[in-house]
Structure formats: structure tokens, C-alpha cells
Amino acid sequence: AQSVTQLDSQVPVFEEAPVELRCNYSSSVSVYLFWYVQYPNQGLQLLLKYLSGSTLVKGINGFEAEFNKSQTSFHLRKPSVHISDTAEYFCAVSRSGNTPLVFGKGTRLSVIA
Amino acid sequence: KAGVTQTPRYLIKTRGQQVTLSCSPISGHRSVSWYQQTPGQGLQFLFEYFSETQRNKGNFPGRFSGRQFSNSRSEMNVSTLELGDSALYLCASRQSTGQGYEQYFGPGTRLTVT
């Protein structure tokens, strides 16, 4: 079975500073990896996904993530955050296209003006 | 294209009652999944329906059930509600073909059990 660990439950960062949200997964098979964002009182929105190929994946809103198979990590980064990036971010893994997503506990990103 | 819609957005029920939540997927999406989100347990998978058949099931008691209609709309039902069932219930839809299978989430139904 797969599992996902998001190492930081909360990350405060000043506006225009860079940020990295960490995600590690465990799986004995190849997986698909995803990052979702959830704004208050809303559902989840897909930021980016890794299926195969290039290990550096670019997503929406200036976010990117790097898949590292040896470290079983999929950390999310943004070079310069905005106030509007304040939200909860979830890392998720799926064993294949037809299996459910397994989510991490989430990281609350707070951008400080 | 319209997104995933869920109704109602908010519900307050009493212990012991039952509740039905509804989800309309994105047009053309044949798979619908349900997730429960709570502060303590996070996001947990309930079940997935594809072409009116349950394809995957999470580790929830039998009080939680679902179904899918021929137009891909889905409902989930919780019987004999418990206080611990208070949660945000999220529905997600996806296409059944092609690589990626990313899921598109609705805004959720906030269920409060008193």
C-alpha cells in the first residue's frame, strides 16, 4: 500500500520569498504523484502531476515540483510567493490510473505581507 | 465546461438520522469518487463508481454507501449518523481513458452531525 508524508503541517513565509513544501511517499511499485491546493471553503484544485518522463514538473500559478525516485520525494516549490498563495496544499499518490488517491495530511502555507 | 457540482453545500443532521449527498460530474466523465475530509484523519477515500458499478472501496463501515446513475451522477448515503461523521465530503470526477486520470474535485458538502 502507498502512503504519503508531508513533513510540515504549517509553513509561514514572507511575501515574495521562495517556498518549498516537502512530500515523501512510500510505495513498492511505480506511482503517479500529484499536488493539490485547497482554498478556504473550496474543493481541491490540481496544481501539477508527475506521471513519467522529466522529473521536473511545472504546474499552474508558478509552482513546480521535482520527482526524486531514490529519495521517494516530490517536493513542491515556488520561487516567489504571493498573499494569494495562502492555502492548504496536499500531496497525493496513485498506484495507477484506476486506483484511488492516497493523500498526505496537508501543509498549511501562510504568506505574510 | 461546467465543473463538478455537489448539493447541498451545507447540511445539519442529528445523530441517528440518515443523509444523502449528490454529485454531478464534469460532462463526459464516467468515474466518480467520494472522499471524506476531517481535521483529524485528513482526506480519506470512500469509494469510486464507474459506469454504475463500484470499482474501488475504502475502509469505511457499511453505513456509508453510494450509487451511480446512467448519466454518471452519483449519490452517497450515510445511515445512522454518528457525531464522527461530521466532515467535508468531496466528490471528484475523472475521465476513464487516457493517461493521467487526474481527478477534478467539487466544492464539497459540509455535513454537521449534532
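It should be emphasised that the depicted structure is a prediction, and the values quoted were computed from it without experimental measurement. (Residues numbered from 1 in each chain as written. Chains lettered and ligands numbered in written order. Predicted model: local features only at pLDDT ≥ 70, side-chain atom pairs only at ≥ 80, totals over all residues. Heavy atoms only, no water.)

Residues and elements named next belong to chain B. Across the sheet, four strands lie side by side as E1-E3-E8-E7; this open sheet has antiparallel pairing. Each edge of the sheet is formed by a strand with only one pairing partner; in this case those strands are strand E1 (5-7) and strand E7 (64-68). Here the strands of the sheet are splayed against their neighbours by 20° on average, with no regard to which way each runs. With five bridges joining them, strand E3 (residues 19-24) and strand E8 (residues 74-78) adopt antiparallel strand pairing. Counterpart to Ser-22 in the pairing with E8 is Glu-75. (Pairing = 2+ DSSP bridges. Helix = DSSP H or I, 4+ residues; strand = E, 2+ residues; numbered from the N terminus. Axes fitted to C-alpha atoms, helices over the stretch in contact; angles between N-to-C directions.)

Moving on, we come to the packing of aromatic side chains. Within the structure shown, the criterion is met by 13 aromatic pairs over all chains. Aromatic pair A:Tyr50 and A:Phe67: ring centres 4.3 Å apart, planes at 20°, arrangement stacked. Of this pair, A:Tyr50 sits in strand E6 (residues 44-50) while A:Phe67 sits in strand E8 (residues 64-68), placing them 17 residues apart in sequence. Residue class for A:Tyr50 comes out buried when judged on its relative accessible area of 8%. Relative accessible area serves as the criterion here: at 11%, A:Phe67 is assigned to the buried category. Taking 5.7 Å as the distance between ring centres and 70° as the angle between the ring planes, the aromatic pair formed by B:Phe47 and B:Tyr49 counts as edge-to-face. Each of the two residues, B:Phe47 as well as B:Tyr49, counts as buried. (Phe/Tyr/Trp six-rings, centres within 6.5 Å; stacked < 30°, edge-to-face > 60°. Buried < 20%, exposed > 50% of the residue type's maximum accessible area, 1.4 Å probe, protein only.)

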